[in-house]
Amino acid sequence: MTELGFSTRAVHAGFEPDPRTGAVNVPIYASSTFAQDGVGGLRDGYEYGRTGNPTRSVLEANLAALESGRHCRAFASGMAATDCALRAILRPGDHVVIPDDAYGGTFRLIDKVFSQWGVEHSPAHVFDVDAMRAAIRPNTKLLWIETPTNPLLSIGDIPALADIAHAAGAKLVVDNTFATPYLQQPLLLGADIVTHSTTKYLGGHSDVVGGALITDDADLDAAFGFLQNGAGAVPGPFDAYLTVRGTKTLALRMERHCDNAETIADYLTRHPAVSQVIYPGLPEHPGHVVADKQMRRFGGMISVRLHGGREAAHEFCSRTKIFTLAESLGGVESLIEHPGAMTHASTEGSVLEVPADLVRLSVGIEDVSDLLADVEKALGS
Ligand SMILES: *Cc1c(COP(=O)(O)O)cnc(C)c1O
């Protein structure tokens, strides 16, 4: 289906009207087991709900098509997908390079759990290809990147990082949660694996937690499938349904997220309470040129640093009315948070610690005039 346009794939890939009923949407197959026609006689390949479920299969086919990839495995959360990819590839004694501003949960899993099993890691600046290359060791099996990163919105050059990973005999994983396949398709840029928290833009309505791994490599997909079934961190059929319902409108939502974020980022650059606006769409962003090359637009996430440190950051977060103070991102509603005390509190005191005066905005699809007024009032102009 990759020859079709993005939104056509988003709406149609993975499902055709049900041949029996004509239902245009995939049924929620709430069944933990499937009847067999004689021992081993599976009707459509389904036997048990952890191993496979038709609603989940539709989600997986849809996400693979959106990332222009061949294979997808869906998981119960983004972290379950991350955990599966790490376990499928890394063995005791192996080494992984991660961004020094990686998603807090990813860093915590590698630093606190995988380290217990003899997996080593080195944080490096993802925007600095030479630093990423220098962090590679003879036992490096994986370059794990996000671009844009969370919450500092650093940009990694995907083709360049794929080259250095492959030259070292390692795989490149791209966490594409912030960009989404609408804005950026890492497999087409040389990455081996794309990972998602579908909880964010793909689901898009803050009503479901999920994750996914997409790859063109059949061996990797088989290893992911083995663990998906063997460890069992699978999404339920209703979760799969909600997520595939979300992806149908991804392109529309992303255009609006980008429109609104561009307007708000521009406004914030002129606000006296703001010391720095971090948004890849701004020409002064150090990753702007690379982002412009590999992304369609620049996304709905903005980080700002405020004069007045942690206190000013907390005040801003607690004063907005339309921007809801909450963790997570990528839903239709605008959210605001203080990474140092919320999503990234687990990185305090580590090399990954984020600045105390940093506030992260997930710009929703509301009317931008209302969002601007909300930010203006909360900052006190
Ligand atoms: C939220 C998030 C994750 C983790 O996903 P969950 O669905 O919360 O488990 C991983 N990476 C990034 C960039 C995220 O924003």
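Thresholds applied
- Residues numbered from 1 in each chain as written.
- Predicted model: local features only at pLDDT ≥ 70, side-chain atom pairs only at ≥ 80, totals over all residues.
- Heavy atoms only, no water.
- UniProt positions renumbered as here; feature names shortened; annotations may be inferred.
- Helix = DSSP H or I, 4+ residues; strand = E, 2+ residues; numbered from the N terminus.
- Rg over C-alpha atoms; globule rule 2.2 N^0.38 Å.
- Buried < 20%, exposed > 50% of the residue type's maximum accessible area, 1.4 Å probe, protein only.
- Contact = heavy atoms within 4.5 Å.
- Axes fitted to C-alpha atoms, helices over the stretch in contact; angles between N-to-C directions.
- Parallel < 35°, antiparallel > 145°, perpendicular 65-115°, else oblique.
- Left-handed = near helix turned anticlockwise from the far one by under 90°.
- Nonpolar A, V, L, I, M, F, W, Y, C, P; charged D, E, K, R; others polar.
- Near = heavy atom within 4 Å.
- Polar contact = N/O pair within 3.5 Å; in protein donor to acceptor, adjacent residues only side chain to side chain.
- Areas by Shrake-Rupley, 256 points an atom, 1.4 Å probe, with all protein chains shown as cover.
- Pairing = 2+ DSSP bridges.

- In the nomenclature of an unreviewed UniProt entry, the protein corresponds to Cystathionine gamma-synthase from the organism Nocardia bovistercoris.
- Word for word, the UniProt comment on the protein under Sequence similarities (unreviewed entry) is "Belongs to the trans-sulfuration enzymes family."
- In UniProt, the protein has this text filed under Catalytic activity (unreviewed entry): "O-succinyl-L-homoserine + L-cysteine = L,L-cystathionine + succinate + H(+)".

**Description of the overall build of the protein**
Phase 1: From N to C terminus, the protein includes 13 helices and twelve strands.
Phase 2: A globule of 381 residues ought to have a C-alpha radius of gyration of about 21 Å, and the protein, at 21 Å, matches this closely.
Phase 3: Expressed as lengths along the three principal axes of its C-alpha atoms, the size of the protein is roughly 75 × 50 × 35 Å.
Phase 4: Looking at the protein residue by residue over its 381 residues, the buried ones come to 54%.
Phase 5: Long-range pairs, those at least 24 residues apart, make up 72% of the contacts in the protein between residues at least 6 apart in sequence.

**Brief notes about the packing of helix α10 (residues 250–269) against helix α13 (residues 368–379)**
Relative placement of two packed helices is described by the angle separating their axes and the distance separating the axes.
Phase 1: Here α10 crosses α13 at 30°, and the two axes come no closer than 10 Å. As judged from the angle between their axes, α10 and α13 are roughly parallel. The crossing of α10 and α13 is right-handed. Counting all contacts with α10, which are made through Asn-260, Thr-263, Ile-264, Tyr-267 and Leu-268, the residues of α13 involved are Val-368, Leu-371, Leu-372, Val-375, Glu-376 and Leu-379.
Phase 2: Of the residues belonging to the contact of α10 with α13, the class tally is eight nonpolar, two polar and one charged.

**Notes on the environment of Tyr-267**
Phase 1: Looking at the secondary structure, you find Tyr-267 in helix α10.
Phase 2: Taking the C-alpha atoms as reference points, Tyr-267 and Pro-280, 13 residues apart in sequence, are found 15 Å from one another.
Phase 3: Tyr-267 has contacts with Leu-372, Val-375 and Glu-376, leaving out every residue within four places of it along the chain.

**Here's the deal with the site of the ligand**
Phase 1: As a structural note, the neighbourhood of the ligand is formed by 14 residues, with Met-79, Asp-175, Ser-197, Thr-199 and Lys-200 the closest of them.
Phase 2: Contacts to the ligand include Asp-175, whose side-chain N or O atom sits 2.7 Å from a nitrogen atom.
Phase 3: Within the contact set of the ligand, an oxygen atom lies 2.8 Å away from a side-chain nitrogen or oxygen of Lys-200.
Phase 4: Protein burial of the ligand: of its 380 Å² of free accessible surface, 91% is covered by the chains.
Phase 5: Split by residue class, the shell around the ligand holds four nonpolar, seven polar and three charged.

**Let's talk about the sheet that holds strand β9 (residues 301–306)**
Phase 1: The five strands are arranged β8-β9-β12-β11-β10 in an open sheet whose pairing can be described as mixed. The open sheet has two free edges, formed respectively by β8 (274–278) and β10 (324–325), since each of these has just one partner strand.
Phase 2: Bridge analysis of β9 against strand β12 (residues 358–362) gives five bridges, and the strand direction is antiparallel. Looking at β12, one finds that Ile-302 is bridged to Leu-361.

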